[in-house]
Amino acid sequence: MADDGDFEKCWLETTGPLHLLQKAPVQENETELGYFDRLGSVYIPPECRTGQIKDLGAFPSNVIRHQDIRGVIHAHSTYSDGLHSVKKMAEESERLGYSYLGITDHSKIAVYADGMDEEKSQQQWAEIDHLNREKREFTILKGIECDILSDGSLDFDDHFRSGFQFVIASVHTNIKMDIDKATSRLITAIEHPQTNILGHPTGRLLLGRDGYPLHIDKVIDACAVNQVAIEINANPYRLDLDWKYIQLAVDKGVQLCINPDAHTKESITNIHFGVIIARKGWLPAESCLNTRNVDDFLAFCEK
Ligand SMILES: [Zn+2]
Ligand SMILES: [Zn+2]
């Protein structure tokens with residue numbers, strides 16, 4: 001056991017990053033702040049001390065914090081497989097301090113998730129218009145989690161789909177494709193002019209199943225070219241995009257979006273896990289789409 005005098009040293013040595021500590025060992029009685037100071041680096045909090053990152057000088061001064069997130073994007077309601085109404089989801093989002101909610105129920109082909117057809121979607125739009133008229137300081141957006149079909153096309157026809165204010169395109173079916181097929185399927189979906197956010201990009205379920213294999217660099221390049229944001233799905237069983245690829249996306253100028261994929265009002269707080277993992281990947285606040293206010297979020301989606 002370390003005595004009190006060794007606490008700081010022990011703390012640093014057990015919060016990494018190991019490659020840094022091997023190069024620059026902690027000195028006796030050195031404090032956390034003193035250590036980074038000696039290396040000429042800004043203070044890097046423990047959750048950001050990852051072995052992946054080699055250049056301390058690249059640590060962003062404005063690494064994402066939970067309080068930077070302004071909009072709840074990717075939430076389901078009773079219009080598909082969510083447990084709570086649009087109104088309840090909005091009230092909870094507002095109570096938690098957010099200023100807008102992008103409702104994204106499943107699309108028509110997702111029968112396994114009680115996806116919305118055209119008629120149900122139009123009922124939801126009417127309800128959202130009504131709720132938005134009642135409340136001026138909080139906005140509900142008409143989004144959709146649109147299934148990516150096997151050939152990369154999107155569910156619904158283009159004309160109907162354009163009635164939504166933004167589109168999250170996600171794969172939910174036929175996930176056993178080889179790497180080239182899976183990659184070109186996603187790229188086709190990313191190139192669709194109505195796609196705004198790529199949902200849970202690899203489809204992995206932690207402790208459940210691996211994601212489909214992908215040329216992730218090509219997927220990120222396609223998002224950069226087509227102004228499509230990549231979701232960091234904050235459901236703790238997904239955490240997808242994996243944090244290891246965040247820097248690659250940021251370097252290409254791609255926006256990330258930290259989304260709870262909430263199916264209940266309680267799971268809106270999944271955003272917390274997404275923020276932790278985004279901090280691990282050194283995501284700057286300005287590279288996170290839902291740190292924007294609602295008008296700027298929509299401006300991004302209008303392309
Ligand atoms: Zn999904
Ligand atoms: Zn979803």
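Procedures and definitions
Residues numbered from 1 in each chain as written. Chains lettered and ligands numbered in written order. Predicted model: local features only at pLDDT ≥ 70, side-chain atom pairs only at ≥ 80, totals over all residues. Helix = DSSP H or I, 4+ residues; strand = E, 2+ residues; numbered from the N terminus. Rg over C-alpha atoms; globule rule 2.2 N^0.38 Å. Contact = placed C-beta atoms within 7 Å. Buried ≥ 20, exposed ≤ 12 C-beta atoms within 10 Å, placed from the backbone. Domains from an automatic or database assignment. Nonpolar A, V, L, I, M, F, W, Y, C, P; charged D, E, K, R; others polar. Axes fitted to C-alpha atoms, helices over the stretch in contact; angles between N-to-C directions. Parallel < 35°, antiparallel > 145°, perpendicular 65-115°, else oblique.

**Q** Explain the overall build of the protein here, please?
**A** Broken down by element type, the protein carries eleven helices and seven strands. Taken against the 2.2 N^0.38 rule, which gives 19 Å for 303 residues, the C-alpha radius of gyration of the protein at 21 Å falls within 12% of a compact globule. Projected onto its principal axes, the C-alpha positions of the protein cover 70 × 45 × 35 Å. Across the protein, every contact between residues at least 6 apart in sequence was considered, and the portion connecting residues at least 24 apart equals 72%.

**Q** It is not clear to me how unusual backbone geometry should be interpreted in this structure. Could you clarify?
**A** Residues apart from glycine generally show negative phi values, whereas peptide bonds are mostly found in trans. For the bond running from Asp240 to Leu241, omega is 20°, close enough to zero to count as cis. Mapping Leu241 onto the fold places it in the loop between β6 (229–233) and α9 (246–251). Located in the positive-phi region is Gln227, a residue other than glycine, with phi close to 50°. Mapped onto the fold, Gln227 is located in the loop between α8 (216–226) and β6. A tally of 17 C-beta atoms within 10 Å means that Gln227 is categorised as partly exposed.

**Q** Help me understand the domain arrangement of the protein, please; the structure alone is not making it clear to me.
**A** When the parts of a complex come together, some accessible area is lost, and that lost area is often taken as the interface size. Considered domain by domain, the protein is made up of domain 1 (4–52) and domain 2 (66–302). Taking the mean C-alpha position of each, domain 1 and domain 2 sit 37 Å from one another. Counted by class, the side of domain 1 that touches domain 2 contains one nonpolar, two polar and one charged residues.

**Q** What am I meant to see in the packing of helix α7 (residues 179–191) against α8 here?
**A** To describe two helices that pack against each other, one gives the angle between their axes and the distance between the axes. Across the interface, α7 lies against α8 with an axial gap of 9 Å and an inter-helix angle of 10°. Relative to α8, the element α7 lies roughly parallel. Residue-level contacts link Thr183, Leu186, Ile187, Ile190 and Glu191 of α7 to Lys218, Val219, Ala222, Cys223 and Asn226 of α8. Residues that form the contact of α7 with α8 fall into these classes: six nonpolar, two polar and two charged.

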